[in-house]
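This is what each chain is made of:
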Number of protein chains: 2
Amino acid sequence: MVYIDRNGLTDFCRQVFRTIGLSEIEADDSAKILVDADARGIASHGVSRLQRYVYGIQEGVMVSGVKPTVLRETPISYVLDGNGAMGLSLSRTTMDTVISKAKEHGVCFSSVRNSNHFGIAGFYAEMAARHDMIGIGMTNTAAMGVPTFARDPYFGTNPIAVAVPASNGRIFCLDMATTVVTRGKIEIHAREGKDIPSGWAVDTTGHGTNDPVRLIEDMLYLRGGGLMPLGGEGEMLSGYKGYGLATVVDIMTALLSGGPFGRDVMDSENTSARVCHFFGAIQLDLFRDPEAFKADMGRMLDELNALRPAEGCERVYYAGQKEHEAEERSWKCGVPVTEKLYDELCGIGLQILGRKLERLQ
Amino acid sequence: MVYIDRNGLTDFCRQVFRTIGLSEIEADDSAKILVDADARGIASHGVSRLQRYVYGIQEGVMVSGVKPTVLRETPISYVLDGNGAMGLSLSRTTMDTVISKAKEHGVCFSSVRNSNHFGIAGFYAEMAARHDMIGIGMTNTAAMGVPTFARDPYFGTNPIAVAVPASNGRIFCLDMATTVVTRGKIEIHAREGKDIPSGWAVDTTGHGTNDPVRLIEDMLYLRGGGLMPLGGEGEMLSGYKGYGLATVVDIMTALLSGGPFGRDVMDSENTSARVCHFFGAIQLDLFRDPEAFKADMGRMLDELNALRPAEGCERVYYAGQKEHEAEERSWKCGVPVTEKLYDELCGIGLQILGRKLERLQ
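Keep in mind that this is a model prediction, so the values were computed, not measured.

(A) Looking closely at the pattern of salt bridges. Residue and element names in this part refer to chain A. Taken as a whole, this structure holds 57 salt bridges over all chains when the rule is applied. Residue Arg-14 pairs with Asp-28 through a salt bridge whose shortest N-O separation is 2.7 Å. With a gap of 14 residues between them, Arg-14 in helix α1 (residues 6-19) and Asp-28 in helix α2 (residues 24-39) connect regions that are remote in the sequence. The salt bridge involving Asp-132 is made with Lys-294; its shortest N-O contact spans 2.8 Å. Of this pair, Asp-132 sits in the loop between α5 (121-129) and β5 (133-139) while Lys-294 is found in helix α9 (residues 290-305), placing the two residues 162 residues apart along the sequence. According to the relative accessible area criterion, Asp-132 is partly exposed, its value standing at 23%. For Lys-294, a relative accessible area of 13% corresponds to the buried category. Among the charged side chains, a salt-bridge network with shared partners connects Arg-6, Asp-36, Arg-40, Glu-126, Arg-130 and Glu-327.

Structure, rendered in C-alpha cells:
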C-alpha cells in the first residue's frame, strides 16, 4: 500500500477534473466524494475510478455544466432528469436541496433519472444525518444481478444506504449492495486465478458457479449468469429477499423518475450510465425530541459494541463503524491506495497536469 | 390439509374474539388479518396464533378497548403509545390514519410503541398500495437474531414490508424478515427430528449450527446462539447487510417512538409483547402521474415473469405474486390448514362458542 495525504489527493483529483473542463463546484464535489470512498476503505468506489471519469468527461459521456430538468416539484418532493450530468456533483447538490426542503417541511424525497455514477450511496445519506435527519440514498446500476429462479441478470447491484445520527457525533450508516457481492470482487478473483466462494454467483443454468473467468465472459456476451441477490440462490437462504430489495431500489430510483430500469440500464463506455438515484431526508423532530432519540441511538450502538464476540472474532461493529474508523485514520496516516493504482494515478497526473502524485513517506 | 371456507373461517375467528371480549371492530380486524395470512400461505402468522391471542386477551396481556396515546402529531407524522392494545386492530386503524394524512399532505409516517403482534407486515403496506401510494410496514420482535461477529441475539426477526401498485390491479409486495429464516422454521425441524441447513443459525460460540433442538434450548436459557441475519454468518455472504437492515427496523419502530429496542423487547406469556411498529405511505403523485408509473411498474413485473427460468425451475415470480395467487385460490377452494391446526381450532370453538369449525368437503 501507498499512503497519500488526504488533502493532497483531493487537490490532485480536483485539478485533474478542472483541467479537463469541469466547473469548480463539479470538480470539488467529484474529488471529495471519490477520496471519501477511499478514506473509508471502499476502494472500489474511489479514485480507482478516476480514469473512467476522465475518459467519460473527455468523450462527452459525462457532461459538465448541464442543468438538470425539474420534472415535478412539491414542497416535499423533487424529481429531476439529470441530462447526463456528473453524477457525483448532481447528487450532492440534489441532496442539499432535499435537506433544505426537509428542514422546512419535515421530509423530502427526490428521484433522479439519467445521471452518471454517484460514488458511494452512504455519502449522501450521511449528509442528512448531520442535520438531525434520517438520510437515504439509492441508485440503480447496470443489470448484473439474477432474480430468484431466473438465469439472466435483470437488476444492478442496486445499493441502499440509510444513515441515522447518534450521540457523540456518531452516525449509523448502512450502505449495502442488494446483491451478495459486487462485480469487483468477482473480477479480483478472476485476476488472481482463484475460485469464487459458493453463494456469490450463478452460471448460465441459473445455478451456483465457482468459476469467475467463465462467469465474466458469459455476462459479457449476455449468455446468462450473474450475481446472486443477497440471500443467495433459490429460497433456502432467502435469496428472494435480496431480489425484492433490488426491485424496491429500481422502483424508487427509476420507476418514480420515469427513467430506465431493469435491463434497460446500459452502462457502456460510449453512453452516459443513464442510472437513476433516490434521495430522502426525514426529520427526527417529526417523531421525537432529537436529543432523546440520539441518546437512545447511542445506547443501542454501545450495546451492540458490547455484545460478546463470536469465538475467534475480536469485535462487534455497527454499520458504518469500520468505515468511520478508517476515515479517522486517513486524516492522520493518509489514504491507502495500491502500488498499481498509485502508478495509474501518476500516469493520469503526468498526462493531464504534467506532474506525479506525491506520496507520504 | 383441511380446507375451510374463507368467510366461514373469518366469521369463526370473529365470534371467538367477540365472545372473549373484543369490540366489534377489534374482532373484525383481528379475524380478517389472521385469515388473510393463511389465505396467502403464510401459515406461521395466521390462525395458528389464535390460541395465543385468546390466551393473551383472557389473561389481560392484550387489552381490548384501550385508546392509544398520541405522543406527537404533525400533518405528516403520527407517533403513538399503543398501551398494550390488540396489535392487529391498532395497526389497521393507524394505517388508515396514515393513508388519510398522506392523501392530504403527500406522505405520512407513524411509529408506534408498546403494541402487540400485528400479524403480517405486508397487510398494512398493501392497504396504502391500493390508494396509489407506496406502503411501508415494519415491526420489531423479541430478540433472537445474532448480529455479525456476535454470539448473543440482539434483534428480532424484524420484518420489512414494501408494497407498490402496478397496472391491472397487481401489487408488488415484499414482506421479509431480516433474519435468514424465522424461529418457526427452526421449530418445525426440531419437531421432525431433522437437522437445520447450514446458514440459518449460530450456536453459543457464534458459529454455524445444524442442531435445532440444542439451539432452541440454548436460546431459551439465554446461553447464546440464535438466528443468522439475512446474508448469513460473518462477512463472506454479507450477513452484515441483514444485520444492518434489522437495526434500521429497530430504529424506525422503537427508537422513533421511544419504545423498547434490542434485548429489551420482551415477549412472554405474562406481559404484552411491547413490540413497536412503523407505518408509511408515500403518494406516487408526488413524483409522477400514477397511471404512467403503474404502467411502467406493470411492464417491470411482466419482464420479471418472462425471464428464462433456471434449469429445473418453472417460473420467475415477483415479490408477493405467489402469495396473491394463493389468496385467489383461497376464495374458490378455501383456506388450507393442517389437520392438527384444524383440531386445535375446533377445540377453541367448542370451548368458547360451543361448536366446531366447519370444513369444506
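The structure having been displayed, the exposition proceeds.
(B) Representation of the interface of chain B and chain A within the structure. Contacts between the two partners involve 84 residues from chain B, matched on the other side by 84 residues from chain A. Counting each side, the surface lost to burial between chain B and chain A is near 7,300 Å², with a carbon and sulfur contribution of 67%. Our enumeration of links across chain B and chain A arrives at 8 salt bridges. Looking at the side of chain B that touches chain A, the elements that each hand over two or more residues are β2 (69-74), β3 (77-81), β4 (107-115), β6 (160-165), β7 (171-176), α8 (239-255) and α9 (290-305) of chain B. The class makeup of the residues in the side of chain B that touches chain A is 46 nonpolar, 19 polar and 19 charged.

(C) Spatial organisation of the nonpolar core. The biggest cluster of nonpolar side chains holds 114 residues, and the ones touching the most others in it are Met297(A) and Met297(B). In this structure Met297(A) touches Val164(A), Pro165(A), Ala166(A), Phe172(A), Ile251(B) and Leu255(B), once residues within four positions along its chain are discounted.

(D) Region of interest: a nonpolar patch on the surface. All names here are of chain A. A cluster of nonpolar side chains, namely Met-1, Tyr-3 and Leu-360, defines an oily patch on the protein surface of about 300 Å² accessible area. Along the chain, Tyr-3 falls in strand β1 (residues 2-4). Assessed through its relative accessible area of 38%, Tyr-3 is described here as partly exposed.

(E) Broad picture of the state of the cysteines. Tallied over the entire structure, the rule returns 0 disulfides over all chains. Here Cys108(B) is not cross-linked by a disulfide; its sulfur's nearest cysteine counterpart is in Cys108(A), at 16 Å. A relative accessible area of 0% means that Cys108(B) is categorised as buried.

(F) Fine view of empty space enclosed by the protein. Under the defined criterion, the tally for this structure stands at 4 cavities of 30 Å³ or more. Within this model, the largest cavity holds a volume of roughly 450 Å³. Lining the largest cavity are 22 residues, and of these Ile136(A), Met138(A), Val162(A), Ile136(B) and Met138(B) sit closest to its centre. For the lining of the largest cavity, the secondary structure elements donating two or more residues are β5, β6 (160-165), α8 (239-255) and β10 (275-283) of chain A together with β5 (133-139), β6, α8 and β10 (275-283) of chain B. Here the lining of the largest cavity is composed, by residue class, of 22 nonpolar, no polar and no charged.

Reading guide: rules and limits
- Residues numbered from 1 in each chain as written.
- Chains lettered and ligands numbered in written order.
- Predicted model: local features only at pLDDT ≥ 70, side-chain atom pairs only at ≥ 80, totals over all residues.
- Heavy atoms only, no water.
- Salt bridge = Lys/Arg side-chain N within 4 Å of Asp/Glu carboxyl O.
- Helix = DSSP H or I, 4+ residues; strand = E, 2+ residues; numbered from the N terminus.
- Buried < 20%, exposed > 50% of the residue type's maximum accessible area, 1.4 Å probe, protein only.
- Contact = heavy atoms within 4.5 Å.
- Buried area = accessible area lost by both parts, 1.4 Å probe.
- Nonpolar A, V, L, I, M, F, W, Y, C, P; charged D, E, K, R; others polar.
- Core = buried A, V, L, I, M, F, W, Y, C linked by side-chain atoms within 4.5 Å.
- Patch = residues over 30% accessible without salt bridge, like charges linked within 9 Å, V, L, I, M, F, W, Y side chains within 5 Å.
- Areas by Shrake-Rupley, 256 points an atom, 1.4 Å probe, with all protein chains shown as cover.
- Disulfide = S-S within 2.5 Å.
- 1 Å grid on protein atoms, 1.4 Å probe; cavity = no way out; pocket = protein on both sides within 12 Å on 5 of 7 lines; lining within 4 Å.
- Points joined across faces, edges and corners; volume = space filled by probe spheres on them.

Just distances and angles here, no functional claims.
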